[in-house]
Amino acid sequence: MNVNDSEKVAGVLRARGHEPAPDAESADFVFINTCAVREKAAQKLDHSLDRLGWLKRRRPELRVGVGGCVAQLDGRAILERAGHVDVLVGTHNLRRVPDLLDQAIEEGAPAVDLDRKADAFAVPAGDIAHGSPVRAYVTAMEGCNHVCSFCVVPRTRGPEVSRPPEQIVAEVESLVRRGYPEVMLLGQTVNAYRHRDVGFADLLARVDAVPGLSRLRFTTSHPEHVDRSLGSALRDLERLCPYLHLPFQSGSDRVLQSMRRGHTRARYLEIIDGLREAVPDLALSSDVIVGYPGETQGEFEDTLAVLETVRFDSLFAFAYSPRPGTAAALAPDDVPAAEKQRRLQVVLDYQQRRQREQHAARVGLTEEVLVDTIDGGGRVSGRTPHFRIVHFDGEEGLLGQLVRVKVTGAGPNALSGQLTQAIH
Ligand code: SAM
């Protein structure tokens, strides 16, 4: 979602006649799009601003902008920390960056817009500067109504707002006309999507029916909104890929309750069983947090047990960090940093072993790959429907093509193979 926000900012600047600069050193304007979800991500802003402060002392005409979640969260305090910021914009007004830049230049003072009531989807579809020529992100909904104790996102992005389905379908149609074979629908809790009588599975069906689209994906889902209709959609819709990212965060019921996740470990596993019954080869990925306040060694082992039961195809694991204004930040952050890192490493090592095994089992099979990257040196790579990366020898002209690749090698993070046939 943050990548997509950056694409929107780049797009509206381009539509106003600005051009991308090769690097910050030669740019007239540098815009930093920020993430507040973990402390480390938020700290990156200060490092970047320090660096831009040095640049601006050498080139006072340089303009600096800050936007996104940290901007929304910290507001004008950023201007106090960094007097060289010219544009400050929250999560809901990215389309105003070019106006704010003009205003800052004209008035010689910082231009600020942190209003959360603005229309979050107001960036014209044609203006979005998609970073990939193959996979285009499409906003389905924004915000989050959940109250997870650790998460700052509802404070920064506000409550859920679903976009009208007609707008989403029109955007996908225009992307297909412009040659994009794959779209990924985005939302913080995308499967909570509801616009009047159109639920998430209905939306998937409508987008899946867009002629010319090769692949459809979506992210991120919340267990609370998984129902039978999602399993049926994953089973029945032709272009919808058999892949689901479904965070579970912890395997301990005490921790889950304290996190206010709205599900137990048993309920999560029941959801996974139901989905696998509908789609036996469904690829699954998840998010986990280790070192949540009060997490004991036994509770951490409960998380490992869920990994062992589900055997995810990929995993995003995070060491807990307290975020301002969240309920969990009121509890003592009592798992020592070194212990959090140890638990994180145990999870990552476990997952690497699983992925190595799962990938090794694909050797000898033929995968359908949508080529999305030129690796260089006569190599290209792409993703299988299950989102596995496959590297192989191929021409640059294969970018955006669906091909068949025979898998000959496997590592923990990717497969390698040989091109056998171009599909289209
Ligand atoms: N909306 C999604 C959900 O609720 O499942 C996830 C959104 S969040 C941007 C991505 C992941 O970051 C979360 O699933 C969680 O694992 C992790 N995360 C969020 N807050 C965190 C915190 N305070 N410390 C560590 N990890 C955190």
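Residues numbered from 1 in each chain as written. Predicted model: local features only at pLDDT ≥ 70, side-chain atom pairs only at ≥ 80, totals over all residues. Heavy atoms only, no water.

So, about the overall build of the protein chain. Each helix and strand counted, the protein chain has 13 helices and 19 strands in total. Its C-alpha atoms give the protein chain a radius of gyration of 22 Å, near enough to 22 Å, the size a compact globule of 424 residues would have. The proportion of buried residues among the 424 residues of the protein chain is 54%. Across the protein chain, the mean location of the 52 positive side-chain charges is 1 Å away from that of the 58 negative side-chain charges. (Helix = DSSP H or I, 4+ residues; strand = E, 2+ residues; numbered from the N terminus. Rg over C-alpha atoms; globule rule 2.2 N^0.38 Å. Buried < 20%, exposed > 50% of the residue type's maximum accessible area, 1.4 Å probe, protein only. Lys, Arg positive; Asp, Glu negative; His and termini not counted. Charge placed at Lys NZ, Arg CZ, Asp CG, Glu CD.)

Attention now goes to the state of the cysteines. Taken as a whole and judged by the stated rule, the model has zero disulfides. No disulfide involves Cys-35; its nearest neighbouring cysteine sulfur is the one of Cys-69, lying 6.5 Å away. Using a relative accessible area of 26% as the deciding quantity, one classes Cys-35 as partly exposed. (Disulfide = S-S within 2.5 Å.)

Further remarks concern the pairing of strand β8 (residues 182-186). Among the five residues that make up β8, five are buried, leaving the element largely enclosed by the rest of the structure. Alternating residues of β8 divide into Glu-182, Met-184 and Leu-186 and Val-183 and Leu-185, and every residue in both groups is buried. As paired elements, β8 and strand β11 (residues 215-219) share five bridges and run parallel to each other. Bridging across to β11, Met-184 finds its partner in Arg-217. (Pairing = 2+ DSSP bridges.)

Let us now look at the pattern of salt bridges. In total, this model carries 32 salt bridges according to the counting rule given. When the shortest N-O distance is used, the salt bridge between Glu-142 and Lys-8 registers 3.9 Å. Here Glu-142, found in strand β6 (residues 141-142), pairs with Lys-8, found in helix α1 (residues 2-15); they are 134 residues apart in sequence, far enough to count as distant. Overall, Glu-142 belongs to the buried group, its relative accessible area being 7%. Between Lys-56 and Asp-86 there is a salt bridge, with the nearest N and O atoms lying 2.7 Å from each other. (Salt bridge = Lys/Arg side-chain N within 4 Å of Asp/Glu carboxyl O.)

Further remarks concern the sheet that holds β11. Ordered by their spatial adjacency, three strands build an open sheet running β5-β8-β11, and the pairing between neighbours is parallel. Unpaired on one side and paired on the other, β5 (135-139) and β11 mark the two borders of the sheet. In this sheet, adjacent strand axes meet at a mean angle of 25° when their direction is disregarded. Sheet topology places β5 next to β8; five bridges connect them, and they run parallel. (Axes fitted to C-alpha atoms, helices over the stretch in contact; angles between N-to-C directions.)

What follows covers the sheet that holds strand β19 (residues 415-422). Spatially, β15-β16-β17-β19-β18 is the arrangement adopted by the five strands of the closed barrel, whose pairing is mixed. Taking each pair of neighbouring strands and ignoring which way they run, the sheet shows an average axis angle of 50°. In terms of strand pairing, strand β15 (residues 366-376) meets strand β18 (residues 402-410) through five bridges, oriented antiparallel. Residue pairing in the sheet places Glu-368 in a bridge with Arg-404 of β18.

Put simply, α1 and helix α5 (residues 97-107) touch, their axes get as near as 8 Å, and they point 60° apart. Relative to α5, the element α1 is oriented oblique. Here Val-9, Val-12 and Leu-13 of α1 lie close against α5, whose contacting residues are Val-97, Pro-98 and Leu-101. By residue class, the composition of the contact of α1 with α5 is six nonpolar, no polar and no charged. (Parallel < 35°, antiparallel > 145°, perpendicular 65-115°, else oblique. Contact = heavy atoms within 4.5 Å. Nonpolar A, V, L, I, M, F, W, Y, C, P; charged D, E, K, R; others polar.)

Once that is clear, we can look at the site of the ligand. As a matter of local geometry, the ligand sits amid 15 residues, with Arg-38, Gln-188, Gln-249, Asp-287 and Ser-321 nearest to it. Here an oxygen atom of the ligand and a side-chain polar atom of Gln-249 are 2.7 Å apart. Between the ligand and the protein, one listed contact pairs a nitrogen atom with a backbone N or O atom of Ser-321 at 2.7 Å. If you list the elements that add at least two residues to the shell around the ligand, you get β13 (283-290) and β14 (314-319). The residue makeup of the shell around the ligand, split by class, is seven nonpolar, four polar and four charged. (Near = heavy atom within 4 Å. Polar contact = N/O pair within 3.5 Å; in protein donor to acceptor, adjacent residues only side chain to side chain.)

Domain boundaries in the protein chain define domain 1 (2-113), domain 2 (125-360) and domain 3 (366-422). Just the C-alpha atoms count here: the centres of domain 2 and domain 3 sit 25 Å apart. The partner domain 3 presents 20 residues to the 20 residues of domain 2 that form the contact. Here domain 2 and domain 3 share an interface that buries about 1,600 Å² over both sides, 58% of which is from carbon and sulfur atoms. Its largest share of buried area at the contact with domain 3, domain 2 owes to Val-134, Arg-215 and His-359, together 38% of the area lost on that side. One can count three salt bridges joining domain 2 with domain 3. Run the count over domain 2 and domain 3 and you get 11 residue pairs in polar contact (both at pLDDT 80 or more). (Domains from an automatic or database assignment. Buried area = accessible area lost by both parts, 1.4 Å probe.)

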